[in-house]
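An overview of the molecular structure
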Amino acid sequence: KDTKLTLSVVEGSYAEQFAIDNNIAYTSTEYVYEETASGTCGDNISWVLYTNGELKIDGSGAMTNYTTHSEQPWYKYATKIESVVIGKDITAVGNYAFAYTTNIASISFEEGSKLQRIGVLSFMNASKATEVILSETVTYIGSHAFSDCFKLTTINIPYDVTYIHSKAFRKD
């Protein structure tokens, strides 16, 4: 009996490569990461942490300002956060928002970002991040915003920035 086998595989997986290597027909789907935790971090802002380590901030307006990193709503997951994606309608990253989340390697802002303000100690000690490209709408970078980001080699500062604290990029 002649049957035609088609594998259904996840894009980029071992199974996909197996199908290619063995000339087996396949269809692939994008892997969808599961939600680990979620909550709010502003009046109209929500956050979701996915199993791949991505922390997505979405909604509109300014994120909450915290007085210490232990107030972050994702504090107990801090070591699991590997990337941060800030939604396009977020206008301010709050004080201490991502401070001491030492495994952050990627910080990105959605296309069309309306971000204006990077708060005090926002990304302090995101020690694995190497590059940050700020939105063209950013005008303010607070004290120690990127301090102790030891691997940070490039940060794109937009033309319209009107304030950068003298210790914004301090490495102690």
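The following paragraphs examine the structure supplied in this document. In this text the structure is predicted, and so the values were computed from the model without any measurement. All residue numbers here refer to positions counted from 1 along the written sequence of the relevant chain. In keeping with the predicted nature of the model, local features appear solely for residues at pLDDT of at least 70, side-chain atom pairs appear and are counted solely at 80 or more, and the whole-chain, interface and lining totals rest on all residues. In computing side-chain properties, one takes all heavy atoms of the structure into account and sets aside hydrogens as well as water.

Here's the deal with the pattern of salt bridges
As a reminder, the rule being used: Salt bridges are defined by distance alone: a side-chain nitrogen of Lys or Arg within 4 Å of a carboxyl oxygen of Asp or Glu. A helix here means a DSSP run of H or I that spans at least four residues, while a strand means a run of E at least two residues long, and both kinds are numbered starting from the N terminus. Only protein chains enter the accessibility calculation, which uses a 1.4 Å probe; a residue whose area is less than 20% of its type maximum is buried, one above 50% is exposed, and one in between is partly exposed.
Using the criterion set out here, one finds three salt bridges in the structure. The residue Glu110 makes a salt bridge to Lys56 at a minimum N-O spacing of 2.3 Å. With a gap of 54 residues between them, Glu110 in the loop between β9 (106-109) and β10 (117-118) and Lys56 in strand β5 (residues 54-59) connect regions that are remote in the sequence. Glu110 gets classed as partly exposed once you look at its relative accessible area, which sits at 28%. By relative accessible area, Lys56 is classed as buried at 15%.

Describing the sheet that holds strand β12 (residues 140-141)
As a reminder of what qualifies: When DSSP finds at least two bridges between two strands, those strands are taken to pair.
The strand order across the open sheet built from five strands is β6-β8-β10-β12-β14, with neighbouring strands paired in parallel fashion. Among the strands making up the open sheet, the edge pair consists of β6 (61-62) and β14 (163-164). With two bridges connecting them, β10 and β12 associate as parallel partners. Paired with Arg117 across the two strands is Tyr140, which belongs to β12.

Side note on the pairing of β5
In terms of strand pairing, strand β4 (residues 45-50) meets β5 through five bridges, oriented antiparallel. The partner of Trp47 across the bridge, within β5, is Ile57. Where β4 folds back onto β5 in an antiparallel hairpin, the turn is made up of three residues, including Gly53, whose phi is positive at roughly 90°. By the bridge criterion, four bridges tie β5 to strand β7 (residues 83-86) in an arrangement that is parallel. Looking at the pairing, Glu54 lines up with Ser83 of β7.

Take it as geometry only, folks, not as evidence of what the structure does.
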